[in-house]
There are 2 protein chains.
Amino acid sequence: MSANNIPYKIYLNESELPKAWYNLRADMKNKPAPLLNPGTHAPMTAQELSGVFCEELVRQELDETTPYFPIPQEIQDFYKMYRPSPLVRAYCLEQKLQTPAKIYYKFEGNNTSGSHKLNSAIAQAYYAKQQGLKGVTTETGAGQWGTALSMACSYFDLDCKVYMVKVSYEQKPFRREVMRTYGASVTPSPSLETQVGRKILAEHPGTTGSLGCAISEAVEVATSTEGYRYVLGSVLNQVLLHQSIIGLETKAALDKYGIQPDMIIGCAGGGSNLGGLIAPFMGEKLRGEADYRIIAVEPASCPSFTRGKYAYDFCDTGMVCPLAKMYTLGSGFIPAPNHAGGLRYHGMSSTLSQLYADGLMEAVAVPQTEVFQAAETFARVEGILPAPESSHAIKVAIDEAIQCRETGEEKTIVFGLTGTGYFDLVAYEKFHNGEMSDYIPTDEDLQASFDKLPKF
Amino acid sequence: MSANNIPYKIYLNESELPKAWYNLRADMKNKPAPLLNPGTHAPMTAQELSGVFCEELVRQELDETTPYFPIPQEIQDFYKMYRPSPLVRAYCLEQKLQTPAKIYYKFEGNNTSGSHKLNSAIAQAYYAKQQGLKGVTTETGAGQWGTALSMACSYFDLDCKVYMVKVSYEQKPFRREVMRTYGASVTPSPSLETQVGRKILAEHPGTTGSLGCAISEAVEVATSTEGYRYVLGSVLNQVLLHQSIIGLETKAALDKYGIQPDMIIGCAGGGSNLGGLIAPFMGEKLRGEADYRIIAVEPASCPSFTRGKYAYDFCDTGMVCPLAKMYTLGSGFIPAPNHAGGLRYHGMSSTLSQLYADGLMEAVAVPQTEVFQAAETFARVEGILPAPESSHAIKVAIDEAIQCRETGEEKTIVFGLTGTGYFDLVAYEKFHNGEMSDYIPTDEDLQASFDKLPKF
């Protein structure tokens, strides 16, 4: 099959691994809008942010000009335990689709967190340890981020408190056990342990939770507990910086074999995977060195890019966090309970939002039953059971490859396969039993949510 | 950390992948004892076996002289989807243990079956397809083999009927969903669907099943259904042949960096992993070219090597299969229900049994709470959540490394990490909650089982 001498899987050597993260903002002419203090509406200062985040991470969060941040040796060593991740040529999928397109995917699922989330978790845990902290708090949705952070904290001997969106906590009982294996505590959110949790439960009894709620709880605990800070697995500039390792490795592997992609496709929730995957490609595009189609894929049930407003909004449901300018469905937006897996955040990374507003990338929303159909097709031919999140990118990659079959174009498609679906089998079971539904929010639903956006 | 220039993970290039399987029997002076017809006690003929197994697999099963079997191109292509598997230097584990030992593990878990089982599943499905069959039947214990076979059958568009040991079926509800994703049917065993299942249920109402029961059911269905054959994931010579890919890759990776191991450690249930992992090393030992300690690790709750009899016994509980000479606990032996995970077969590969009888390898039995302690230690430093089966090898590798710390010896330890524990979290939960117990069969239990061994 690999007649043109492209192997099924391209692994970089350890010596070829990136030694620095790439800060996409350095090449952006229109910088992402700054975080604002929710009281004064002035840009958040480093001092204000360092009550919530570690100091070095605040520096990374605010730095819009330094293009490369060296990766500390301890983090490089940890990366070597599960990186490089393979760039896989999807020969079997191409054959199944009878497409002239060449399909590649960067597979980030070969680690116990089951996803790319570990790339930033280990960095954030490292800086927390460097600062002499006792522990960190965080939220998790599908559980990938919480698992990743548990692993990272265990490695650096830090305490780890995870607030897990209640619907995921109930759908994924085994995720909790993995986090316990790594010594973390896991609390379903909203909980009665925090002021903000009690307030949300009083206002919305029986809510199944949202990432926005869980963030509020984790931030409250971090800011009210000595020696703790809050860490976040997506949305933030620092996270996109760490996740650039995905794109840098992808680019290095493509370059090694002289492969020029036509399009880069990634799923998008808060933007951690997409921002990391596209970073060096978008950098070339910003610098005018190359052109690529860059496609964000989001769930039709949580369509922040395709149906959200580009506006300042709270990052959390409890409205205790700074305001960020982003494509948002409103901080009170909670996806329908039949929405499976992650990609359930109400907003989108400010950096990606600015790039989308500037017309530098596309976005498409897909319904979840079609996503699971794509997942099953992929699993059967490529042998990997994909996470529902990742399957959004698979769906659009397949659509594009089928279009190539119609037109005869031999396009080169690269997509991010962020993780595995081993903890998503309740959702797969619903799909197999024909019990999965597609819920798309109505315009009225969204308008009611937009009406509550902060006004100033 | 990798000061001596051994990378964390050694990946062979595609061009370095083995092109032929190695048949260990060709180098054995004392060949393994033949399978016997349970009625006549004469060696099973190819014709007799081909009512149960595919023809090419029968040829492989009986061939004791051909050292190498070329791997068909289609199988090589499939292997490239998830192989080479990495040979990992466990720098972090070494540091944690403060040992001068050098520890390497061959990690077979980076595929959706979660284990090495896919190596033989794809071969057996390929030959079934070549023979024009409609489908295959099999048993599965922990579920790894059933998942692997489902994936392989889906790839070649074969029907797949899996009989799953009831206790695993109940402990691992999600395994069934993975197999369904690949289009297989899964029946808890013993079932009311077969004669032998009904008989076993009548004699042992409420039994939680065993591999031996499930084999009987799968064989009955295969031999009574047009266009079907039975396939088995362990024990058989053909399986060890296919699994030699593990050892051949391991050897190639070690040779590439000039590493000479002192000992090879593998977990052993029916022998599929152990037989594959040790094959080329044992070959060198048999040919007098090198010497290694070779250590089989089995559960104290199912100790066929360390406490079994070396005798002819039935391969299945229902006594419908041929007799094999092996270390056995008796075909009626069923591990205590608190035994977690796989490695629950009552016997052991005839090839490995002969090698053990000839003093060419060692065996040790370990209690399961210590196995889970080793698993947790490993997960926290190496980042991989291991399968309970694999953790038996981890336990002994850690013990050997600690002994090196005491003696100051810089031994090189290689062990097989057969798979991941993502579907074993019920067992991990019991371990975390202090609800896991160790059950070791009494001498009286075993004697009662030995009394039922066939006599002739």
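Note that the structure is a prediction, hence the values are computed from the model and not measured.

*Asks:* Describe the overall build of chain A, and please don't skip the residues or the numbers.
*Replies:* Looking only at helices and strands, chain A features 18 helices and 15 strands. Relative to the globule expectation of 23 Å for 456 residues, the C-alpha radius of gyration of chain A, 20 Å, shows essentially globular dimensions. Dimensions of chain A, computed from C-alpha atoms along their principal axes, come out at roughly 60 × 50 × 45 Å. When contacts within chain A are restricted to residue pairs at least 6 apart in sequence, those whose partners lie at least 24 apart make up 76%. For chain A, the accessible area works out to roughly 14600 Å², and carbon and sulfur atoms hold 49% of it. Computing the positive centroid from 40 side-chain charges and the negative centroid from 51, chain A places the two 1 Å apart.

*Asks:* Describe the pattern of salt bridges, listing the residues and the values that go with them.
*Replies:* For side chains of opposite charge, pairing can occur when their charged atoms come near one another. Scanning the entire structure with this criterion turns up 54 salt bridges over all chains. Note that R83 of chain B is salt-bridged to E108 of chain B, the shortest N-O span being 2.7 Å. Separated by 25 residues along the polypeptide, R83 of chain B in the loop between helix 3 (73-82) and strand 4 (87-89) and E108 of chain B in the loop between strand 5 (102-107) and helix 5 (118-130) bring together distant segments of the chain. Overall, R83 of chain B belongs to the buried group, its relative accessible area being 1%. Given the relative accessible area of 4%, E108 of chain B is considered buried. As a salt-bridge pair, E409 of chain B and K411 of chain B come within 3.6 Å of each other at their nearest N and O atoms. With a relative accessible area of 23%, K411 of chain B lands in the partly exposed category. Residues participating in the shared-partner salt-bridge network are R83, K106, E108 and E249 of chain A.

*Asks:* Hey, could you go over the sheet that holds strand 11 (residues 293-299) of chain A for me, with residue numbers and the actual values?
*Replies:* All names here are of chain A. Spatially, the seven strands line up as an open sheet ordered 1-4-5-15-10-11-14, and their pairing is mixed. The sheet is open, and its two edges are formed by strand 1 (9-10) and strand 14 (362-366), each paired on a single side. Here five bridges tie strand 11 to strand 14, and the two strands are oriented parallel to one another. Counterpart to V297 in the pairing with strand 14 is V364.

*Asks:* So what's going on with the packing of helix 17 (residues 425-432) of chain A against helix 8 (residues 173-181) of chain B? Residues and values would help.
*Replies:* In the contact formed by helix 17 of chain A and helix 8 of chain B, the axes pass within 9 Å of each other and the chain directions differ by 50 degrees. Taken together, the axes of helix 17 of chain A and helix 8 of chain B are oblique relative to one another. Once helix 17 of chain A is placed against helix 8 of chain B, the crossing between them reads as left-handed. Along the contact surface, helix 17 of chain A presents L425, V426, Y428, E429 and H432 of chain A, while helix 8 of chain B presents F174, R176, E177, V178, R180 and T181 of chain B. For the contact of helix 17 of chain A with helix 8 of chain B, the residue count by class is five nonpolar, two polar and four charged.

*Asks:* Got a sec to walk through helix 10 (residues 211-223) of chain B? Specific residues and values, please.
*Replies:* In an α-helix, one full turn covers 3.6 residues, which means residues spaced three or four apart are oriented alike. Residues and elements named next belong to chain B. The terminal C-alpha atoms of helix 10, which comprises 13 residues, lie 18 Å apart, in line with the 18 Å expected from a rise of 1.5 Å per residue. A large share of helix 10 lies buried, amounting to eleven of its 13 residues. Within the sequence span of helix 10, burial applies to L211, G212, C213, A214, I215, S216, E217, A218, V219, V221 and A222. Where helix 10 is buried, its residues meet strand 6 (135-140), strand 7 (159-165), strand 8 (185-189), helix 9 (195-203) and strand 9 (228-230).

*Asks:* Quick one: what's the story with the relation of the copies chain A and chain B, residue by residue and with numbers?
*Replies:* Expressed as a screw operation, the relation of chain A to chain B combines 0.0 Å of axial shift with a rotation of 180 degrees, fitting to an RMSD of 0.0 Å. What we have between these two chains is a two-fold relation. Minimal C-alpha separation from the rotation axis in chain A is found for N110 of chain A, amounting to 3.1 Å. Comparing interface residues between copies, 100% of those in chain A also sit at the interface in chain B, which points to an isologous, same-surface contact.

*Asks:* Before we move on, can you summarise the pairing of strand 13 (residues 323-328) of chain B with the specific residues and values?
*Replies:* Residues and elements named next belong to chain B. For strand 13, the buried fraction is high: five of the six residues fall into the buried class. The pairing of strand 12 (residues 309-314) with strand 13 spans six bridges and is classified as antiparallel. Within strand 13, the position partnered with D313 by the bridge is A324.

*Asks:* Tell me what's going on with the packing of aromatic side chains, and back it up with residues and numbers.
*Replies:* Residue and element names in this part refer to chain A. All told, the structure shown has 43 aromatic pairs over all chains when counted by the stated rule. Relative to F156, the ring of Y155 has its centre 5.1 Å away and its plane inclined at 75 degrees; by these criteria the two rings are edge-to-face. Residue classification places Y155 among the partly exposed positions, given a relative accessible area of 22%. Among the aromatic residues, those joined into a ring-pair cluster are F78, Y79, Y82, Y126, Y127, Y155 and F156.

*Asks:* Summarise unusual backbone geometry; cite the residues concerned and give the values.
*Replies:* All names here are of chain A. Cis geometry is found at the peptide bond from R83 to P84, where omega equals -5 degrees. Of note, P84 is situated in the loop between helix 3 (73-82) and strand 4 (87-89). Residue P190 is reached from S189 by a cis peptide bond, and omega for that bond is 0 degrees. Inspection of the secondary structure puts P190 in the loop between strand 8 (185-189) and helix 9 (195-203). In this structure, H41 is a non-glycine residue whose phi angle is positive, near 65 degrees.

*Asks:* Describe in detail the environment of Y182 of chain B, supporting the description with residues and values.
*Replies:* Among the structural elements, Y182 of chain B can be located in the loop between helix 8 and strand 8. Between the C-alpha atom of Y182 of chain B and that of I246 of chain B, which follows or precedes it by 64 residues, the distance is 24 Å. If we ignore the near neighbours within four places in the chain, the residues touching Y182 of chain B are A379, R380, G383, I384 and L385 of chain A together with T112, S150, M151 and S154 of chain B. A polar contact of 3.0 Å, which involves the side chain of Y182 of chain B, links it to the backbone oxygen of A379 of chain A.

*Asks:* Lay out helix 12 (residues 272-286) of chain A with the relevant residues and their values.
*Replies:* Taking 1.5 Å of rise per residue, 15 residues should cover 21 Å, and helix 12 of chain A covers 19 Å from first to last C-alpha, within 8% of that figure. Taking the largest bend as the criterion, helix 12 of chain A deviates by roughly 55 degrees, centred on A279 of chain A, and proline P280 of chain A comes between one and four positions later.

*Asks:* So, the side chain of Q238 of chain B: which residues are in play, and what are the values?
*Replies:* Residues and elements named next belong to chain B. Along the chain, the position of Q238 falls in helix 11 (residues 237-256). Its relative accessible area of 0% is what places Q238 among the buried residues. A distance of 2.9 Å separates the side chain of Q238 from the side chain of E61, its partner in a polar contact. If we ignore the near neighbours within four places in the chain, the residues touching Q238 are F53, L57, Q60, E61 and Q124.

*Asks:* Summarise the confidence of the model for chain A; cite the residues concerned and give the values.
*Replies:* Averaged over every residue, the pLDDT of chain A is 94; the share at 70 or more is 99%. For this predicted complex, the interface confidence reaches an ipTM of 0.90, while the overall pTM sits at 0.94.

*Asks:* Give me the interface of chain A and chain B: which residues, what numbers.
*Replies:* Contact residues are listed per partner, giving 44 residues for chain A and 44 residues for chain B. Summed over both partners, the interface of chain A with chain B buries about 4200 Å², with 56% contributed by carbon and sulfur atoms. Linking chain A with chain B are two salt bridges, by the criterion used here. Its salt-bridge partner being R176 of chain B, residue E429 of chain A comes within 3.2 Å of it at the nearest N-O pair. Where chain A touches chain B, the interface holds 25 residue pairs in polar contact (both at pLDDT 80 or more). Contributions of two or more residues to the side of chain A that touches chain B are made by helix 3, helix 6 (144-156), helix 8 (173-181), helix 15 (368-382) and helix 17 of chain A. Class assignment for the residues of the side of chain A that touches chain B results in 22 nonpolar, ten polar and twelve charged.

Here is what the cut-offs are and how they apply
Residues numbered from 1 in each chain as written. Chains lettered and ligands numbered in written order. Predicted model: local features only at pLDDT ≥ 70, side-chain atom pairs only at ≥ 80, totals over all residues. Heavy atoms only, no water. Helix = DSSP H or I, 4+ residues; strand = E, 2+ residues; numbered from the N terminus. Rg over C-alpha atoms; globule rule 2.2 N^0.38 Å. Contact = heavy atoms within 4.5 Å. Areas by Shrake-Rupley, 256 points an atom, 1.4 Å probe, with all protein chains shown as cover. Lys, Arg positive; Asp, Glu negative; His and termini not counted. Charge placed at Lys NZ, Arg CZ, Asp CG, Glu CD. Salt bridge = Lys/Arg side-chain N within 4 Å of Asp/Glu carboxyl O. Buried < 20%, exposed > 50% of the residue type's maximum accessible area, 1.4 Å probe, protein only. Pairing = 2+ DSSP bridges. Axes fitted to C-alpha atoms, helices over the stretch in contact; angles between N-to-C directions. Parallel < 35°, antiparallel > 145°, perpendicular 65-115°, else oblique. Left-handed = near helix turned anticlockwise from the far one by under 90°. Nonpolar A, V, L, I, M, F, W, Y, C, P; charged D, E, K, R; others polar. Expected span 1.5 Å × (residues − 1). Least-squares fit on C-alpha atoms with pLDDT ≥ 70 in both. Phe/Tyr/Trp six-rings, centres within 6.5 Å; stacked < 30°, edge-to-face > 60°. Polar contact = N/O pair within 3.5 Å; in protein donor to acceptor, adjacent residues only side chain to side chain. Bend = angle between axes of the 7 residues up to and from the residue. pLDDT = per-residue confidence, 0-100. Buried area = accessible area lost by both parts, 1.4 Å probe.

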